[in-house]
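Descriptive analysis of the structure
Here are the chains, one letter per residue:
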Amino acid sequence: MKKDILSSIENIEIYPIISLLIFVIFFVGMFIWVIRVDKKYINHMKDLPFDDATSNNSGYEKV
């Protein structure tokens, strides 16, 4: 039954290619971001769980 439904959709062979491209572009983008991100930002985010002084109640931290 699934085969009949899927085979009736025109140009269905393009969807796996599109999903693979989205997957690869996302992870390449994340890899580039990880390489280029400022090390002070990473250290700030790393120390946030251990920071007892939560004086900023707005929910947004300034780096």
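Calculation criteria
Residues numbered from 1 in each chain as written. Predicted model: local features only at pLDDT ≥ 70, side-chain atom pairs only at ≥ 80, totals over all residues. Heavy atoms only, no water. Phe/Tyr/Trp six-rings, centres within 6.5 Å; stacked < 30°, edge-to-face > 60°. Buried < 20%, exposed > 50% of the residue type's maximum accessible area, 1.4 Å probe, protein only. Helix = DSSP H or I, 4+ residues; strand = E, 2+ residues; numbered from the N terminus. pLDDT = per-residue confidence, 0-100.

The tally for this structure, following the rule as stated, stands at three aromatic pairs. When the ring of phenylalanine 26 is compared with that of phenylalanine 27, the centres are 5.1 Å apart and the planes differ by 85 degrees; the resulting orientation is edge-to-face. Overall, phenylalanine 27 belongs to the partly exposed group, its relative accessible area being 46%. Where tryptophan 33 meets tyrosine 41, the ring centres are 6.4 Å apart and the plane angle is 85 degrees; that geometry is what we call edge-to-face. Relative accessible area serves as the criterion here: at 43%, tryptophan 33 is assigned to the partly exposed category.

A separate point is unusual backbone geometry. Of note in this structure, asparagine 11 is not a glycine but carries a positive phi near 55 degrees. Examined against the element boundaries, asparagine 11 turns out to sit in the loop between helix H1 (2–8) and helix H2 (14–36).

Another aspect to go through is the confidence of the model for the protein. Averaged over every residue, the pLDDT of the protein is 85; the share at 70 or more is 83%. Highest mean pLDDT in the protein belongs to H2 (96); lowest belongs to H1 (79).

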